[in-house]
Amino acid sequence: MSGAALAVVVVVVFLLALYLLQRYGDLRRQQRMVLLGTLLSWYLCFLIVFILPLDVSTTIYKQCILDNANHPAPVTQARHTNQTDSKSSVYPTVSIPKVCEEPWSYIPDGILPVLWRVVYWTSQFLTWLLLPFMQSYARSGSFSRVGKIKTALIENAIYYGTYLLIFISLLVYVAAHPQWQLTWRELQTIGITAANTWGLFLLVLLLGYGLVEIPRSYWLSSSHGYLLAKTYFKVAKMATEKASAEENLADVMEEVAGVHGSVRYNHCLRKCVDTIITKCPTEYQEEMGRNVESSCGEQNALPTKRGLIKLHKKVISAVQRHSQTQVQWSILLDQAFHLEDVAESQSSPVRHFNHSFPSVRHHSWIYRFIFTPTVEWYWECVFRQGFYRLLAVLLCLLSATVVWSECTFFSTHPILSLFAVFVQMAEKQHNYICIEMACFVSILFLCVCVYSTVFRIRVFNYYYLVPHHQTDAYSLQFSGMLFCRLTPPLCLNFLGLIHMDSAISHQDRIQTSYTSIMGSMRVLYFISDGFYIYYPMLVLLLCFATFYSLGSRCLNLLGFHQYITDDHLTSDLVDEGRELIRRERRIKQKAEDGENRRWAWRERYGVQGATGRTRAGYTQLNDNQSSPVTEINNSVIPFTRRDGEEEEQRCLLQDNFSDEGSPNRRSTGGRYLSVSPSRTGIFDDV
């Protein structure tokens, strides 16, 4: 098994990173460099998390061998063996050293140091140099690669200069002490310490939020009433954002239309204008193509190259935001419909889950044979609440363990950190599987608390991770930067919790390969003996603040509405969202009824037969102007219903020849959705 576990972890982690990128990013439309940079940053961070438990078990095995070599087992007293009743012989006991069993996931010497060095420095190069540059490059509105590179360098000049100033300050501090010699190794340690200090500062803030919010969210999610009310709240907020995004897009498109009409086809800036138009939605492109001829006499002021660059950037942002709100709106509607169906199924005596609007996925083989409507009813109405509450209790116990260990991990005599107690108990029994499982569960929970907060936070629509392939390039790269900056200090903090970081525990034992790459933090005593030990205790105060929702209340006072159960504004938004869902349900029900009638029409007459009868009906109307109603009734008289023959015939004709089939139909905003010539007078004879 030597090295096999490492190979399996490498492959599994890559698939995990690829799945998350496919869920949040668009693999077909986004730039390849953006996808590659994000995938590499996520992959390296997840790799550190999954390989660190293997590093811990391998280090414990090496420590066992070293202890046997330096401190052999003492010779015990003589062992008496009675061979006869009268005689006894005394045999000295042979000194047998403690047996060190090789772990199943043992990694040979020389592999982990090289792996950690490559992973760590590649991730640091990505987060501090490449990804910030690629962010500015992706957001730039320039029309050439040289222009994008120039914009990215200018935007990152202040960014790079700030970190250079911090590094020079630390360098001067170290140089002021004559007992320290500035070698290349110590310079590396200073840079690593500065990066880990910045990451630990942000790590504790995110960890304090996640340790409370994740268990509480699962406990509250066990109540369907709470979920439904919160979904109504989200729907009301999303309706406002959706309207704002549509209005912003319309304003930007109006500006693009003005530029499109002012810049002629023989102008030098025409190529830039065409590039901007290609980024616009299709319906706006068609409308601009129709309106350009009618505005030939108007002469607007010609834009400048810098103005077109700004407009290009605005178009990219507006289109992306509009697409995100549309997808999120449809997702929220599906969630609200599902939760209302759950509430209705709970009060129904029939143990069968009914969907108001079955989607395509409900017709898959999983829903037909495994997750049947009966199984879904038992899960949603019986087992789900208990399962979520049990999971919330387990997560709450883990959170309490993390908070206690963060406040007491500096104490080595006695050992107060619960993570260190678990690992050392398994170490005494040479149970490497328990060591790896304890390390993996602990560090995975820490990562879930931190990474889930990264996926949830939203900075004024400037950074926002949206599932269903709707995350823009800037947010993807920003998340990769955060992961690369948070993962190394998180792993060092975990090693401190289990007392395997000598810079914190001050124990004389073999260091893990990961810690050896980080270097000795004792170069900067005020950080290793002060900040790294006492700052994590702040997580206790942050947990109390999150428990009482102090952050949400402050944001609510500033105008950023948050879901707070005892707030009047929240109640108003919940009522507004309920009304919006009722309206959307009526609209969707009408659309589905119309589709069912059209389907029944096709099933009754067939597509070709229905088309032939329809054309025949209108031909007869042309021939006989005096009796149009009689001819129409004759064309559809074979199709009868119970609820009134004339009513259904009229609905069938209206559905079959509604606006959806008209080539010159208008949208709600008054824009044509097709460039085909309008057929005026097609129903004049009717």
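None of these values were measured; they are calculated from a predicted model. (Residues numbered from 1 in each chain as written. Predicted model: local features only at pLDDT ≥ 70, side-chain atom pairs only at ≥ 80, totals over all residues. Heavy atoms only, no water.)

1. Considering the overall build of the protein
At step 1: Helix and strand counts for the protein come out as 23 helices and two strands.
At step 2: Taken over 686 residues, the protein has a buried fraction of 41%.
At step 3: Looking at the protein alone, contacts between residues at least 24 apart form 74% of all its contacts between residues at least 6 apart.
At step 4: Per element, the accessible surface of the protein, about 37,700 Å² overall, is 61% carbon and sulfur. (Helix = DSSP H or I, 4+ residues; strand = E, 2+ residues; numbered from the N terminus. Buried < 20%, exposed > 50% of the residue type's maximum accessible area, 1.4 Å probe, protein only. Contact = heavy atoms within 4.5 Å. Areas by Shrake-Rupley, 256 points an atom, 1.4 Å probe, with all protein chains shown as cover.)

2. Description of the state of the cysteines
At step 1: Counted by the stated rule, this structure contains one disulfide.
At step 2: In this model, C64 is linked to C100 through a disulfide, with the two sulfur atoms separated by 1.8 Å. Judged by the sign of its S-S torsion, about -80 degrees, the cystine formed by C64 and C100 is left-handed. Within this pair, whereas C64 is found in helix α2 (residues 32-70), its partner C100 is found in the loop between β2 (88-91) and α3 (111-139), the two being separated by 36 residues in sequence.
At step 3: In this model C447 remains outside any disulfide bridge; the closest cysteine sulfur is found in C491, 6.3 Å from its own. (Disulfide = S-S within 2.5 Å.)

3. Description of the packing of helix α13 (residues 432-456) against helix α14 (residues 473-497)
At step 1: Taken N-terminus to C-terminus, the directions of α13 and α14 make an angle of 150 degrees; their axes are 11 Å apart at the nearest point. The element α13 and its partner α14 pack so that their crossing is right-handed. Contacts between α13 and α14 involve C439, S442, I443, L446, C447, V450, Y451, V454 and F455 on the former and, on the latter, L482, F483, L486, T487, L490, C491, F494 and L497.
At step 2: Here the contact of α13 with α14 is composed, by residue class, of 15 nonpolar, two polar and no charged. (Axes fitted to C-alpha atoms, helices over the stretch in contact; angles between N-to-C directions. Left-handed = near helix turned anticlockwise from the far one by under 90°. Nonpolar A, V, L, I, M, F, W, Y, C, P; charged D, E, K, R; others polar.)

4. Some thoughts on unusual backbone geometry
At step 1: A cis amide bond links H413 to the next residue, P414, at an omega of 0 degrees.
At step 2: Relative to the helices and strands, P414 is located in the loop between α11 (373-408) and α12 (418-428).
At step 3: For H430, which is not a glycine, the phi torsion comes out positive at approximately 55 degrees.
At step 4: Within the secondary structure layout, H430 lies in the loop between α12 and α13.
At step 5: Residue class for H430 comes out buried when judged on its relative accessible area of 17%.

5. Some thoughts on the pattern of salt bridges
Between side chains of opposite charge, a pair can form when the charged atoms approach closely.
At step 1: Following the criterion strictly, the structure yields 16 salt bridges and no others.
At step 2: Notably, a salt bridge pairs R321 with E241, separated by 2.8 Å at the nearest N-O pair. Taken as a pair, R321 in helix α9 (residues 305-346) and E241 in helix α6 (residues 224-262) lie far apart in primary sequence, 80 residues in all.
At step 3: Classification of R321 by relative accessible area gives buried; the value is 14%. (Salt bridge = Lys/Arg side-chain N within 4 Å of Asp/Glu carboxyl O.)

6. Some points on the UniProt feature "transmembrane region" (unreviewed entry) in the protein
At step 1: Mapped onto this structure's residue numbering, the UniProt feature "transmembrane region" (unreviewed entry) falls at residues 6-21, 33-52, 118-137, 157-176, 188-212, 387-404, 433-454 and 533-551.
At step 2: Counted over residues 33-52, helix gives 100% and strand 0%. Its end C-alpha atoms are 29 Å apart.
At step 3: Span residues 188-212 is 100% helix and 0% strand, its end C-alpha atoms 36 Å apart. (UniProt positions renumbered as here; feature names shortened; annotations may be inferred.)

7. Describing the packing of aromatic side chains
Aromatic ring pairs are defined here through the distance separating the ring centres and the angle between the ring planes.
At step 1: Taken as a whole, this structure holds 25 aromatic pairs when the rule is applied.
At step 2: Arranged with centres 5.6 Å apart and planes meeting at 80 degrees, the rings of Y226 and Y563 form a pair that is edge-to-face. Here Y563 lies in the loop between α19 (550-557) and α20 (568-605) and Y226 lies in helix α6, a separation of 337 residues in the sequence.
At step 3: The class of Y226 is buried, set by a relative accessible area of 17%.
At step 4: Three or more aromatic residues joined by ring pairs form one cluster here, namely W42, F46, Y451 and F483.
At step 5: Here the guanidinium or amino end of R384 rests over the ring plane of Y388, the centre of that ring lying 4.4 Å away.
At step 6: Cation over ring: R389 sits above W219, and NZ or CZ is 4.9 Å from the ring centre. (Phe/Tyr/Trp six-rings, centres within 6.5 Å; stacked < 30°, edge-to-face > 60°. Lys NZ or Arg CZ within 6 Å of the ring centre and 35° of its normal.)

8. Notes on the environment of V9
At step 1: Take V9: it is sitting in helix α1 (residues 4-24).
At step 2: Judged by relative accessible area, which is 16%, V9 ranks as buried.
At step 3: Considering only alpha carbons, one finds V9 and F50, 41 residues apart in sequence, at a separation of 6.9 Å.
At step 4: If sequence neighbours within four positions are ignored, V9 has contacts with L47, F50, I51 and L54.

9. A word on empty space enclosed by the protein
In this approach, a probe sized like a water molecule rolls over the atoms, and the result shows the empty space that is left.
At step 1: Inspection of the entire model under this criterion finds five cavities of 30 Å³ or more.
At step 2: Approximately 80 Å³ is the volume attributed to the largest cavity.
At step 3: Lining the largest cavity, in full, are N196, L200, P489, L492, N493, I504, Y532 and P536.
At step 4: At the level of secondary structure, the elements contributing two or more residues to the lining of the largest cavity comprise α5 (184-221) and α14.
At step 5: Of the residues forming the lining of the largest cavity, the biggest block, three residues, is contributed by α14. (1 Å grid on protein atoms, 1.4 Å probe; cavity = no way out; pocket = protein on both sides within 12 Å on 5 of 7 lines; lining within 4 Å. Points joined across faces, edges and corners; volume = space filled by probe spheres on them.)

10. Looking at the side chain of S136
At step 1: With respect to the element layout, S136 can be found in helix α3.
At step 2: A polar contact of 3.0 Å, which involves the side chain of S136, links it to the side chain of E155. (Polar contact = N/O pair within 3.5 Å; in protein donor to acceptor, adjacent residues only side chain to side chain.)

11. Some remarks on the layout of surface pockets
At step 1: In this structure, the second largest pocket encloses a volume near 1,500 Å³.
At step 2: Lining the second largest pocket are 50 residues, and of these I316, S317, Q320, D472 and A473 lie nearest its centre.
At step 3: At the level of elements, α3, α4 (145-175), α6, α8 (282-294), α9 and α14 are the ones that each hand at least two residues to the lining of the second largest pocket.
At step 4: No other element matches α9, which puts 15 residues into the lining of the second largest pocket.
At step 5: Across the lining of the second largest pocket, the residue classes break down as 17 nonpolar, 22 polar and eleven charged.

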